[in-house]
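# A structural walkthrough
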Amino acid sequence: MSSEAFDNARLTYEQHMRTCRQCHADTVPCPVSKHLLRICNNARRELLRTSDRRAGRP
């Protein structure tokens, strides 16, 4: 399930970056892209935590 959450977050962020006019016009990402990237990073961290638990790491 964590893998699916990460994939969805990553795809949403990538789609936003492709379609957002502000992200393309400015060199600074818009607030929405920052928020989506934060969600993507959190999902990635959770995916890494669950895979570590499955491998028996603390």
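Look up a bit, the structure's there.
Right, let's walk through the structure included here.

### Side note on the environment of leucine 48
Residue position: leucine 48 is located in helix H3 (residues 31–54). For leucine 48, a relative accessible area of 45% puts it in the partly exposed group. Taking the C-alpha atoms as reference points, leucine 48 and threonine 12, separated by 36 residues in sequence, lie 20 Å from one another.

### Focus on the side chain of threonine 50
Structurally, the position occupied by threonine 50 is in helix H3. A distance of 2.9 Å separates a polar side-chain atom of threonine 50 from the backbone oxygen of leucine 47.

### Focus: the packing of helix H1 (residues 2–19) against H3
As a packed pair, H1 and H3 sit with axes 8 Å apart at the nearest point and diverge in direction by 160 degrees. When the axes of H1 and H3 are compared, the pair comes out roughly antiparallel. The crossing of H1 and H3 is left-handed. The residues of H3 that touch H1, namely those facing Ser2, Ser3, Ala5, Phe6, Ala9, Arg10, Thr12, Tyr13, His16 and Met17, are Val32, Ser33, Leu36, Leu37, Ile39, Cys40, Ala43, Arg44, Glu46, Leu47 and Thr50. Within the contact of H1 with H3, the residues separate by chemical class into 12 nonpolar, 6 polar and 3 charged.

Cut-offs and rules
- The numbering scheme is per chain: residues are counted from 1 as the chain's sequence reads.
- In view of the model being predicted, local features appear only for residues whose pLDDT reaches at least 70, and side-chain atom pairs are presented and counted only at 80 or more, with totals across whole chains, interfaces and linings using the full set of residues.
- By convention in this description, side-chain values take in all heavy atoms of the structure and omit both hydrogens and water.
- Working definition: helices are DSSP H or I runs of at least four residues, strands are E runs of at least two. Numbering for both runs from the N terminus.
- Buried, partly exposed and exposed residues are distinguished by accessible area as a fraction of the type maximum, computed with a 1.4 Å probe on protein chains only: under 20%, between the cut-offs, and over 50%, respectively.
- Whenever a nitrogen or oxygen atom comes within 3.5 Å of another N or O atom, the pair is scored as a polar contact, on the condition that within protein one atom can donate a hydrogen and the other can accept it, and that pairs from neighbouring residues in sequence are kept only if both atoms are in side chains.
- Helix axes are fitted to C-alpha atoms over the stretch in contact, other axes to C-alpha atoms as well, and angles between N-to-C directions run from 0 to 180 degrees.
- Any angle between 65 and 115 degrees counts as roughly perpendicular, while under 35 counts as roughly parallel, over 145 as roughly antiparallel, and the rest as oblique.
- The sense of a crossing depends on the near helix, which, turned anticlockwise from the far helix by less than a right angle, makes the crossing left-handed and, turned clockwise, makes it right-handed.
- The contact criterion used is simple: two residues touch if any of their non-hydrogen atoms lie within 4.5 Å.
- Any residue outside Ala, Val, Leu, Ile, Met, Phe, Trp, Tyr, Cys, Pro, Asp, Glu, Lys and Arg is labelled polar, Gly included; the first ten of those are nonpolar and the last four are charged.

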